[in-house]
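# Reading the structure
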Amino acid sequence: MAGPLPEGRFPLSWFPSGPLGALLEVRGLTMRFGGLTALAGVDLDVGEGELVGLIGPNGAGKSTLLDCLTRRCSPQEGSMRLGGQELGGLPPHQVAGYGIARTFQNAALFPGLSVRENVMVGAHRHGRAGFWGAALGRTAAEERGLGEQADALLETFGLSAYADHPPTALPYGLTKRIEIARALAAGPRLLLLDEPAGGLAPGEVPAFAQLIARLHRERGLTIIVVEHHMEFVLALCRRIVCLELGHKIADGPAQAVRNDPAVISACLGVVR
Amino acid sequence: MNAVAAGHRRLPVGHEAGDRRPDWPWRRTSLALVASAAVVLPFTLPPYRLFQLTLVLVYTVALLGLDLVVGRSGRLSLGHGAFFGVGAYTSAVLIAQFGVPYPLTMPAAALATFGLGWAAGRPALRLRGLYLAMVTFAVAVVLPPLLKRLAGLTGGAMGLTVPAPEGLLGLDDDQWVYFLVLMVTAAAFAGMRGLAGSRPGRALTALREHPAAAETLGIRAATHMTAAFAWSAMYAGVAGALYTWTAGFVSPDSFTLALSITLLAGVVIGGLGTLAGPVLGAFAVLAVPAVAQEFDPAAPGIVSGLLLLLIVYVAPAGLAGLLRRTLWGLLRRRA
Ligand SMILES: Nc1ncnc2c1ncn2[C@@H]1O[C@H](COP(=O)(O)OP(=O)(O)OP(=O)(O)O)[C@@H](O)[C@H]1O
Ligand SMILES: [Mg+2]
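Residues numbered from 1 in each chain as written. Chains lettered and ligands numbered in written order. Predicted model: local features only at pLDDT ≥ 70, side-chain atom pairs only at ≥ 80, totals over all residues. Heavy atoms only, no water.

### Considering the environment of Tyr178 of chain B
Residue and element names in this part refer to chain B. Operational definition: The way it works is that DSSP assigns letters per residue, a run of H or I at least four long becomes a helix, a run of E at least two long becomes a strand, and they are numbered from the N terminus. Contact definition: two residues touch when any of their heavy atoms are within 4.5 Å. What qualifies as a polar contact is a pair of N or O atoms within 3.5 Å, subject to a donor-acceptor requirement within protein and to the restriction that residues adjacent in sequence count only when both atoms come from side chains.
Within the secondary structure layout, Tyr178 lies in helix α8 (residues 173-196). Linking Tyr178 and Val267, residues 89 residues apart in sequence, is a C-alpha distance of 23 Å. With near-sequence residues (within four places) excluded, Tyr178 lies in contact with Ala38, Pro42, Leu50, Leu53, Thr54 and Leu57. Among the polar contacts made by the side chain of Tyr178, one reaches the main-chain carbonyl oxygen of Ala38 at a distance of 2.6 Å.

### Regarding the pattern of salt bridges
Residues and elements named next belong to chain A. Our working rule: Any carboxyl oxygen of Asp or Glu that lies within 4 Å of a side-chain nitrogen of Lys or Arg is treated as forming a salt bridge with it. Only protein chains enter the accessibility calculation, which uses a 1.4 Å probe; a residue is then buried when its area is under 20% of its type maximum, exposed when over 50%, and partly exposed in between.
The tally for this structure, following the rule as stated, stands at 16 salt bridges over all chains. Its salt-bridge partner being Arg27, residue Asp45 comes within 3.1 Å of it at the nearest N-O pair. Of the two residues, Asp45 sits in strand β2 (residues 36-47) while Arg27 sits in strand β1 (residues 22-33), which places them 18 residues apart along the sequence. Between Arg102 and Asp67 there is a salt bridge; the shortest N-O distance is 2.6 Å. Separated by 35 residues along the polypeptide, Arg102 in strand β6 (residues 100-102) and Asp67 in helix α1 (residues 62-69) bring together distant segments of the chain. On the accessibility criterion, Arg102 (4% relative accessible area) is buried.

### With respect to a negative patch on the surface
Convention followed: A patch is a set of surface residues, each over 30% in relative accessible area and not in a salt bridge, joined within 9 Å for like charges and within 5 Å for the nonpolar side chains Val, Leu, Ile, Met, Phe, Trp and Tyr. A 1.4 Å probe and the Shrake-Rupley method give the accessible areas. Residues count as covered only by the protein chains that appear here. Counted charges follow a simple rule, with Lys and Arg positive, Asp and Glu negative, and His plus the chain ends left uncounted. Charge placement uses NZ in Lys and CZ in Arg. For Asp and Glu, CG and CD serve respectively.
On the surface, a cluster of negative charge is contributed by Glu166, Asp172, Asp173 and Asp174 of chain B. Relative to the helices and strands, Asp172 of chain B is located in the loop between β1 (160-161) and α8.

### Some points on the site of ligand 1
Residues and elements named next belong to chain A. Note the cut-off: Whether a residue is near a molecule or strand depends on its heavy atoms: if one lies within 4 Å, it is near.
Of all residues adjacent to ligand 1, which total 14 residues, the nearest are Gly59, Lys62, Ser63, Thr64 and Gln105. Between ligand 1 and Gly59, the relevant distance is 2.9 Å, taken from an oxygen atom to a main-chain nitrogen or oxygen of the residue. A distance of 2.9 Å is found between an oxygen atom of ligand 1 and a side-chain nitrogen or oxygen belonging to His228. If ligand 1 stood free it would expose 630 Å²; the protein chains cover 62% of that surface. Elements represented by at least two residues in the shell around ligand 1 include exactly β2 and α1.

### Topic: the nonpolar core
The nonpolar side chains of a soluble globular protein tend to be buried, and buried together. Defined as follows: The definition of a nonpolar core used throughout is a set of buried Ala, Val, Leu, Ile, Met, Phe, Trp, Tyr and Cys residues joined through side-chain atoms within 4.5 Å.
The biggest cluster of nonpolar side chains holds 148 residues, and the ones touching the most others in it are Phe157 and Phe232 of chain A together with Phe84, Trp231 and Phe255 of chain B. Per-element tally for this core: the top contributor is helix α11 (residues 221-247) of chain B, with 16 residues. If we skip the residues at most four places from it in the chain, Phe255 of chain B touches Gly81, Phe84, Gly85, Ala88, Tyr89, Leu143, Pro144, Tyr243 and Val250 of chain B. With 29 residues, the next largest nonpolar core counts Leu24, Leu54, Leu65 and Leu243 of chain A among its residues.

### Some details on the interface of chain B and chain A
The test is simple: Two parts lose some accessible area (1.4 Å probe) when they are put together, and adding that loss for both gives the buried area.
At the interface, 42 residues of chain B touch 47 residues of chain A. For the pair chain B and chain A, the summed buried area comes to about 4,000 Å², and 67% of that belongs to carbon and sulfur atoms. Summed over the three residues of chain B that lose the most area to chain A, namely Arg199, Arg202 and Leu217 of chain B, the buried surface amounts to 21% of that side. Here chain B is connected to chain A by one salt bridge. In this structure, Glu143 of chain A engages Arg202 of chain B in a salt bridge whose closest nitrogen and oxygen atoms are separated by 3.0 Å. Seen at the junction of chain B and chain A, the total is five residue pairs in polar contact (both at pLDDT 80 or more). The set of elements that each furnish at least two residues to the side of chain B that touches chain A consists of α1 (2-5), α8, α9 (199-209), α10 (211-216) and α11 of chain B.

### Side note on the coordination of the magnesium ion (ligand 2)
Residues and elements named next belong to chain A. Let me state the cut-off plainly: Distances define the donors: N, O and S atoms within 2.8 Å of the metal qualify, as do those within 3.2 Å of Na, K or Ca. Water is excluded, so some sites may look unfinished.
Bound to the magnesium ion (ligand 2) on the protein side are Ser63 (OG) and Gln105 (OE1), at distances that span 1.9 to 2.1 Å. Separated by 42 residues along the polypeptide, Ser63 in helix α1 and Gln105 in the loop between β6 and α3 (115-122) bring together distant segments of the chain. Taking the relative accessible area as the measure of exposure, Gln105 reaches 34% and is therefore partly exposed.

### With respect to a nonpolar patch on the surface
Residue and element names in this part refer to chain B. A contiguous nonpolar patch, built from Val268, Leu272, Ile302, Val303, Leu306, Leu308, Leu309, Leu310, Val312, Tyr313 and Val314 and spanning about 1,000 Å² of accessible area, is present on the exposed surface. Sorting elements by how many residues they give to the nonpolar patch places helix α14 (residues 299-314) first, with nine residues. Following the sequence through the fold, Ile302 ends up in helix α14. On the basis of relative accessible area, Ile302 is assigned to the exposed category, the value being 52%.

### Details of the packing of helix α3 (residues 47-72) of chain B against α9 of chain B
Residue and element names in this part refer to chain B. The following threshold applies: Between N-to-C directions, angles cover 0 to 180 degrees, with each direction set by a line fitted to C-alpha atoms, over the stretch in contact for helices. Under the convention adopted here, Pro, Cys and the residues Ala, Val, Leu, Ile, Met, Phe, Trp and Tyr are nonpolar, Asp, Glu, Lys and Arg are charged, and Gly plus all remaining residues are polar.
At a minimum axis separation of 10 Å, α3 and α9 run at an interaxial angle of 35°. Mapping the contact onto sequence places Leu68, Gly71 and Arg72 in α3 and Leu204, Thr205 and Arg208 in α9. Among the residues making up the contact of α3 with α9, the classes are represented as two nonpolar, two polar and two charged.

### Focus on the packing of aromatic side chains
Spelled out, the test is: Whether two aromatic rings pair depends on their centres lying within 6.5 Å, for rings of Phe, Tyr and Trp, where Trp uses its six-membered ring; planes under 30 degrees apart make the pair stacked, over 60 edge-to-face, and the rest tilted. For a lysine, the NZ atom is tested; for an arginine, the CZ atom; a charge sits over a ring if that atom is within 6 Å of the ring centre and within 35 degrees of the ring normal.
The full count for this structure, using the stated rule, is 15 aromatic pairs over all chains. Each residue in the set Phe131 and Trp132 of chain A together with Phe114, Trp118, Trp231 and Tyr235 of chain B is aromatic and connected to the rest through ring pairs, giving one cluster. Across from the ring centre of Phe104 of chain A, 4.3 Å away, lies the NZ or CZ of Arg102 of chain A, which sits over that ring. Its guanidinium or amino end placed over the ring of Phe110 of chain A, Arg182 of chain A lies 4.6 Å from that ring's centre, counting from NZ or CZ.

### So, helix α6 (residues 131-149) of chain B
Rules: Each residue after the first adds 1.5 Å to the expected span of a helix. Think of it this way: the bend at a residue is just the angle between two axes, each fitted to seven residues, one set ending at that residue and the other starting at it.
Relative to the 27 Å expected for 19 residues at 1.5 Å per residue, α6 of chain B spans 27 Å between its end C-alpha atoms, a close match to the ideal helical length. Along its length, α6 of chain B reaches its greatest deviation from straightness, about 30°, at Leu143 of chain B, and the proline Pro144 of chain B lies no more than four positions downstream.

### As for α3 of chain B
All names here are of chain B. With 26 residues, α3 should cover 38 Å at 1.5 Å per step; its first-to-last C-alpha distance of 36 Å lies within 8% of that length. A maximum bend of about 40° is found in α3 at Leu66. Here α3 lies mainly inside the structure; 21 of its 26 residues are buried.

### Focus: the UniProt feature "transmembrane region" (unreviewed entry) in chain B
Residues and elements named next belong to chain B. Cut-off, in case you're wondering: UniProt positions are given in the numbering used here, feature names are shortened, and annotations may be inferred rather than shown by experiment.
The sites that UniProt annotates as "transmembrane region" (unreviewed entry) are residues 29-45, 51-70, 82-100, 106-125, 130-147, 176-196, 272-292 and 298-323. Its end C-alpha atoms 26 Å apart, residues 130-147 is made of 94% helix and 0% strand. Secondary structure over residues 298-323 splits into 85% helix and 0% strand, and the C-alpha atoms at its two ends are 28 Å apart.

### Here's the deal with the sheet that holds strand β4 (residues 77-82) of chain A
Residues and elements named next belong to chain A. To keep things clear, this is the line we draw: Strands are treated as partners if at least two bridges between them are detected by DSSP.
Read from one edge to the other, the open sheet built from four strands follows the order β2-β1-β4-β5, with strand pairing classed as antiparallel. At either margin of the open sheet sits one strand with a lone partner, and together these are β2 and β5 (85-86). In this sheet, β5 lies alongside β4 in antiparallel orientation, the contact comprising two bridges. Looking at β5, one finds that Arg81 is bridged to Glu86. Its contacts with the sheet put α1 on β1, β2 and β4, and the angle it makes with β1 is roughly 115°.

### Let's talk about the pairing of strand β8 (residues 222-226) of chain A
Residues and elements named next belong to chain A. For the record, the criterion: By the criterion used throughout, a crossover qualifies as right-handed when its path from the first strand across the helix to the second strand runs clockwise, the strands pointing away from the viewer.
Across the five residues that make up β8, a large majority, five, are buried. As judged from the four bridges shared by strand β3 (residues 51-55) and β8, these two strands associate in the parallel manner. When the bridges of β8 are listed, Leu54 appears paired with Val226. Bridge count between strand β7 (residues 190-194) and β8: five bridges; the pairing is parallel. Within the sheet, the bridge partner assigned to Leu192 lies in β8 and is Ile224. Assessed by its sense of winding, the connection that carries the chain from β7 through helix α7 (residues 205-219) to β8 is right-handed.

See below:
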């Protein structure tokens, strides 16, 4: 288990296919829904500290890959290892404990909780308070700790002003940020972002890419980002993986993948 | 990052944002008002009114519990009338048959209903959806005939009479019972407030509103839901014990499915997922019919039915939501 990258070292993403001990190793992953094969024997290695863009046309299986990694789907074949530990067979609620956090393609915030509380739910696994402790009012110290951690994250994301508001009334771009803050509160090693820029106004996209780049740089996180926005992926990722109909059709340095004829024909209309 | 610059504009909290968080202006003031009223009233009310008020407190405890399942976890229980009955009978049997002192029967009722809630909730909650409603429905249907059958212990269909506790500190019996019940209600309220505002309460809300996201963040659905259901049943059981102290008499026909449905109506009328809701709901389901009764024997049913319809159509957030909206409205007009 390697921790965050020490400062000043080269991020491993400079070596695109990461021969140096991958954090995530996916082998022959196959996921079928009835007769439909959403993933067909996908292999993927992601090194510690890499920032990988995952692209592909609609229905390519990108979200399904994230669902398999977070155990919302049980693939029929293949293996998934994180830091050498097999993820297959885990119940979904244990995935966070292995260091995986994600955001969802559609907004997945909890509307009945304030923005701060949403982020505090992200830190659920770092808390201890159970029903008895909470009912007897023995949670003040823990609540303060979780609250301070949440406030620090909100500050990073420029969300402090909204801490006490319900997330429902906020602009879409902000809800995407809250979701990332919530995922980070879980303290992941591997962060999976499912179309984080989807639905953003074009003007917001570059700033959002900068935000994710900063997270990657400052926290030494390993990130897989699923995205349709080609400029967004190109600006952000040195390595891009492309899926089409459940097959991996390209994997390599961003510019090479972008100019790959197979990718261009698969993502026609997406790659501009 | 333009949106952040605009961030200093305070967005509306409460009614306009449509949130259901227990945001309440003048929280301390309202709590102090309610507390002083609760202490003064028993010395000014006639005995039968005091009895009704005590029952409102008893129902408040049961509704606080039921709301943990219905309001906060988003599941349906048709069995809380039965848990209430189990608590009531536990207390009554211990007092009448075994001479156990009043206060000791409450933990016994709590323990019994907690265990029962755990046992009923554990398998049903894993199956999700309407299964919990079915299992709790079964509990509600089984209890009254079972109580009649175990006549040796429960007094059968005739019920069981419990001697009134001796009033202490120069208080009448009913004033003494009122204060006992008030203390338990206050503790139950404080407990639910602690639950709602910390890790387990947030986890329940998260599981209700987006189960997939909640699980991915490490929240274990089965554990939290079962614990919530067991706690909820325990609150109903404690309320049942308080009922025995208050009414001094229990009979199987007091704890039928009708009671479960009345309690459900109570949490909906009061306002789901709020702390004020159970208090207001208890008033609504007890005081409204009682007052209506004094005008016309047919009035309670009609008035209660109309109230329920009115709430569902006009104030889906219940009386608590309505009151909060009104208070915020006043506050904004003043500002
Ligand atoms: N739970 C499910 N049951 C049945 N089919 C599913 C399920 N989830 C996904 N699929 C199917 O699997 C295929 C891959 O879907 P997936 O959501 O992974 O695509 P995607 O690459 O994320 O596409 P998009 O860019 O539209 O989000 C699609 O054909 C989809 O209909
Ligand atoms: Mg998708």
